[in-house]
Amino acid sequence: MTSDAAGNDLTRDLETFRQEATEKLASATSAAEVDELRIGYLGKKGALKGVLRGLGKLPPEQRAAAGAAANLVKTAIEEAVATARERCGGPVAKAGPTLDVTLPGSPAPIGSRHPVRQVARRLIHIFHNLGFAVADGPEVEDEWHNFIGLNIPPDHIARDPSESFYIEDDLLLRSQTSTVQIRVMENREPPFRIIAPGRVYRPDTVDASHSFQFHQIEGLMVEEGVTFGDLKTTLRLFFRQLFQKEVELRLRPSFFPFTEPSAEVDLRCPFCGGPGCKTCGRKGWIEMGGCGMVDPNVFEAVGIDPDRYTGFAFGMGIDRMTMAFYDIPDIRYLFENDVRFLDQFGIG
Ligand code: DAH
């Protein structure tokens, strides 16, 4: 090939090279042939590169002229390629898929926060502003934290094996987040204000409003001089913030082993304001949970002096709140994790 002669008379060789290349290109009959010739002459390992290597062997004063001649040859061959391509039907498509970088990308699906988690985060935020820190406890609990510390006696109905998921004799899935009260009080010195959102388990028959697993949020404040008035004010401030308007609360006398006195918390239905609607079951009030003043027996069980400290506690269901907020008719939707359902609640 001409590259062999590159060291001798380069300019002459270049001319021979140009002629050969342009003639072959002019007589090419297919786009594939044109492409093959183009690669053979102009490609990275093509013949022209070989000719150009000869440039380095020339005396310096000849190099510039020879370089300019080589460039002319290159341009001439490029033009011949273009002409041949036009005649034979354009460039041959390269093998493999082509990439059109101007096309919009395909969006990757983004996950979203579960609606229960979205509501829980709102509750945490509001209580945080009221000075409550989040506390946590295990979902597998012992009887001490789930019952005994909470002043729930051995013969209490809640301790029947049919009322809780027992794993072993002294081990069960916690049936209430009140367990975290005990964990906090046995480990810390008052004063403290905590909330404990989390999952609890009870062997309830599953229907539209019951599940064997659900979510509660527990609250506890222990300090010198805490009163029932503080409890009511805290709950009122909380609900006012949650619904972004003035709310009416009703505390109905009730009984829980770990509080004395105890009350059920009813909220004037924030959706209808009283006359009754679907959300409040036409009652005008929504039952939000239980509350009361920490029973002195509980203080004694965890080693807190009941003569010095008082405290209040409350526990509410998060799933019901979530259902009311988003108008979800069946609690089972919250646990099936069907993405078509979950997708409706935004990223959160
Ligand atoms: N643990 C109770 C339940 O699961 C709810 C509750 C009631 C929690 C009164 C409290 C409370 O802290 O004071 O039904």
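Above this text you will find the structure in question.
Residues numbered from 1 in each chain as written. Predicted model: local features only at pLDDT ≥ 70, side-chain atom pairs only at ≥ 80, totals over all residues. Heavy atoms only, no water.

## Topic: the site of the ligand
So, point 1. In the region of the ligand, 15 residues are neighbours, and Gln176, Ser178, Arg202, Gln216 and Glu218 sit closest.
So, point 2. At a separation of 3.4 Å, an oxygen atom of the ligand approaches a polar backbone atom of Phe314.
So, point 3. Isolated, the ligand exposes 350 Å² of accessible area, and the fraction of that covered by the protein chains is 89%.
So, point 4. Listing elements by their share of the shell around the ligand, those giving two or more residues are strand 6 (213–223), strand 9 (285–294) and strand 10 (310–317). (Near = heavy atom within 4 Å. Polar contact = N/O pair within 3.5 Å; in protein donor to acceptor, adjacent residues only side chain to side chain. Areas by Shrake-Rupley, 256 points an atom, 1.4 Å probe, with all protein chains shown as cover. Helix = DSSP H or I, 4+ residues; strand = E, 2+ residues; numbered from the N terminus.)

## Points about unusual backbone geometry
So, point 1. A cis geometry characterises the amide bond from Pro190 onward to Pro191, with omega recorded as 10 degrees.
So, point 2. Residue Pro261 follows Glu260 across a cis peptide bond; omega there is -5 degrees.
So, point 3. Examined against the element boundaries, Pro261 turns out to sit in strand 8 (residues 259–268).
So, point 4. Look at Gln244: it is not a glycine, yet its phi comes out positive at around 60 degrees.
So, point 5. With respect to the element layout, Gln244 can be found in the loop between helix 8 (228–243) and strand 7 (249–256).
So, point 6. Its identity as a non-glycine residue notwithstanding, Arg282 has a phi of 65 degrees, on the positive side.
So, point 7. For Arg282, the position within the fold is in the loop between strand 8 and strand 9.
So, point 8. A residue is classified by how much of its surface remains accessible, and Arg282, at 60% relative accessible area, is exposed. (Buried < 20%, exposed > 50% of the residue type's maximum accessible area, 1.4 Å probe, protein only.)

## Let's talk about the sheet that holds strand 3 (residues 166–168)
Strand pairs in the sheet, formed through backbone hydrogen bonds, run parallel or antiparallel to each other.
So, point 1. Spatially, the three strands line up as an open sheet ordered 2-4-3, and their pairing is antiparallel. The sheet is open, and its two edges are formed by strand 2 (140–142) and strand 3, each paired on a single side. Each strand axis lies, on average, 35 degrees off the axis of its neighbour in the sheet, ignoring direction.
So, point 2. By the bridge criterion, two bridges tie strand 3 to strand 4 (residues 171–173) in an arrangement that is antiparallel. Its bridge partner being in strand 4, Tyr166 is matched across the sheet by Leu172. (Pairing = 2+ DSSP bridges. Axes fitted to C-alpha atoms, helices over the stretch in contact; angles between N-to-C directions.)

## Some words on the pattern of salt bridges
So, point 1. Under the defined criterion, the tally for this structure stands at 18 salt bridges.
So, point 2. Linking Arg252 and Asp266 is a salt bridge whose minimum nitrogen-to-oxygen distance equals 2.7 Å. In this pair, Arg252 is assigned in strand 7 and Asp266 in strand 8, connecting sequence segments 14 residues apart.
So, point 3. A salt bridge links Asp327 to Lys278; the shortest N-O distance between them is 3.1 Å. You can see Asp327 sitting in the loop between helix 10 (318–326) and helix 11 (333–336) and its partner Lys278 sitting in the loop between strand 8 and strand 9, a full 49 residues away along the chain.
So, point 4. Taken together, the salt bridges that share partners define one network made up of Arg250, Arg252, Asp266 and Glu287. (Salt bridge = Lys/Arg side-chain N within 4 Å of Asp/Glu carboxyl O.)

That's the geometry; what it means functionally is another story.
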